[in-house]
Each structure stands twice: as structure tokens, then as C-alpha cells.
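# Observations on the model geometry
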Amino acid sequence: GRATHIGYVYRTTRMLKAEMSGAVLANYARPASGYCQSATCTAGGAIPAAAVALTLSNGPFGVVGELTGGGQWWSSRADPLQDDETARRETRGSLLVRLAAARPRYSLALLGGLSWTIADTRGVYRVKEALAPFGGRHPINTRGIRTEITAGLDLGRRLTDRWALVVPLRVSTAVSEPQ
């Protein structure tokens, strides 16, 4: 009868949940270890950023796509033979798998996967104590793409049926040099 039919519907129904989220972030940039060794140097610091994410999940398992972009950081270096000044902007895309544990008001999700960071650097360097074409000002214009392994967690608290406050924490380590 009716109870059998309702039981059949519930057993065969699958729910695919789609969530879209946004976040305001702070990235911390620092130059490579040898960048400021033999020169007067200003580089790195906190950079405002933003991220958007799309999550598709079926129960505790899901897939997350994230896109992060932000402000640029500026660096300046001077020594007796050369000066340079650059601006750098990084954009990251991530594809992560997600395992979530939900409570009525709180949630915890573990994430892991791959990220790709595109870094654009523009600037100029000046060679002192030399004549053209070696001396003088020269442009800096590079783009690199780096592959990374990313892990993280999302700590959440449900505010209403539709709204939640989620704190995303991510750590990435490079598995390839910029190309």
C-alpha cells in the first residue's frame, strides 16, 4: 500500500547538495629566501584577497572547486650594481575532495586535493655602472604556473536554515616549480 510506496520513494531518492560560498581572506606573501640577501630590500606582507567556492556533495562526501584572487604585493631591492622594483599578483584555483561531519549546529569538513597558482610579475630592473644595451632599465614581465597539494578544513556554525558561518583553513605546498 501507501506505506510501501513511500518507503520505496525514500530508499531510492538521492540528494545532491550544491553550495556556493564567498570569503574575505588575508594572504601573507614573502620573497624567496635569497631575494634580499645582499641588498637593501622591501618586500612581502599581508595582502587582502577574496575567494569563491562551489561545493557539490552527496551525504558526507563532496567535491569543491575554489578560486582565490587578491591584491598585488610590491617589492623593491637596491644594491651598488643593480636596482629592481616589481609588483606580483597570484590567482589560485583548487579542486578538492571533501569529507564532512555535521552536527545540528556545528560542522567540520576535511579537504584535500590539487591547486594551481598563476603568478604574474611586472616591473623594471636597472643595471648601474654599465652602458647600453647591458646597462640601463630593462622590463620584467613573467608568468608562472605552479602545481600544489592542498589540505585543509572548514569549521562551520549554522546560523539559520540557509545561512552558516564557515571558517576555511587551507595549507598548500608546491609539487612543481613555476613554468
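All of the points below concern the structure found in this document. (Residues numbered from 1 in each chain as written. Predicted model: local features only at pLDDT ≥ 70, side-chain atom pairs only at ≥ 80, totals over all residues. Heavy atoms only, no water.)

## With respect to the pattern of salt bridges
- Summed over the entire model, instances satisfying the criterion amount to 11 salt bridges.
- Between Glu90 and Arg88 there is a salt bridge; the shortest N-O distance is 3.2 Å.
- Among the residues examined, Glu90 registers a relative accessible area of 30% and is labelled partly exposed.
- Taking the relative accessible area as the measure of exposure, Arg88 reaches 23% and is therefore partly exposed. (Salt bridge = Lys/Arg side-chain N within 4 Å of Asp/Glu carboxyl O. Buried < 20%, exposed > 50% of the residue type's maximum accessible area, 1.4 Å probe, protein only.)

## Regarding the environment of Trp73
- Positionally, Trp73 belongs in strand β5 (residues 73-78).
- The sequence separation of Trp73 and Gly45 amounts to 28 residues, and the corresponding C-alpha distance is 7.4 Å.
- Excluding residues that lie within four positions of it along the chain, Trp73 makes contacts with Ala29, Arg30, Pro31, Ala43, Gly44, Ile47, Thr86, Ala87 and Arg88. (Helix = DSSP H or I, 4+ residues; strand = E, 2+ residues; numbered from the N terminus. Contact = heavy atoms within 4.5 Å.)

## So, the nonpolar core
- Judged by nonpolar contacts, Ala53, Val64, Leu96, Ala109 and Leu111 together constitute the single largest core of five residues.
- Every residue in contact with Val64, bar those within four places of it in the chain, is listed here: Ala53, Leu54, Thr55, Ser94, Leu95, Leu96, Arg98 and Leu111. (Core = buried A, V, L, I, M, F, W, Y, C linked by side-chain atoms within 4.5 Å.)

## What to know about the environment of Gly44
- Within the element layout of this structure, Gly44 appears in the loop between β2 (40-42) and β3 (45-58).
- Take Gly44: its relative accessible area is 28%, and that puts it in the partly exposed class.
- Distance in space between the C-alpha atoms of Gly44 and Val124 is 17 Å, their sequence separation being 80 residues.
- Once you skip the residues sitting within four places of it in the chain, Gly44 turns out to touch Ala29, Arg30, Pro31, Trp73 and Trp74.

## Brief notes about a nonpolar patch on the surface
- Among the surface-exposed residues, Val63, Leu95, Leu114, Trp116, Ile118, Ile145, Ile149 and Val175 lie close enough to one another that they form a single nonpolar patch of about 660 Å² accessible area.
- If you list the elements that add at least two residues to the nonpolar patch, you get β7 (106-127) and β8 (136-158).
- Among the elements that line the nonpolar patch, the one with the most residues is β7, at three residues. (Patch = residues over 30% accessible without salt bridge, like charges linked within 9 Å, V, L, I, M, F, W, Y side chains within 5 Å. Areas by Shrake-Rupley, 256 points an atom, 1.4 Å probe, with all protein chains shown as cover.)

## A closer look at the side chain of His138
- By secondary structure assignment, the location of His138 is in strand β8.
- On the accessibility criterion, His138 (17% relative accessible area) is buried.
- Looking at His138, its side chain comes within polar contact range of the main-chain oxygen of Gly135, at 3.5 Å.
- Non-local contacts of His138, meaning those with residues more than four positions away in its chain, are made with Gly123, Val124, Tyr125, Val127 and Pro133. (Polar contact = N/O pair within 3.5 Å; in protein donor to acceptor, adjacent residues only side chain to side chain.)

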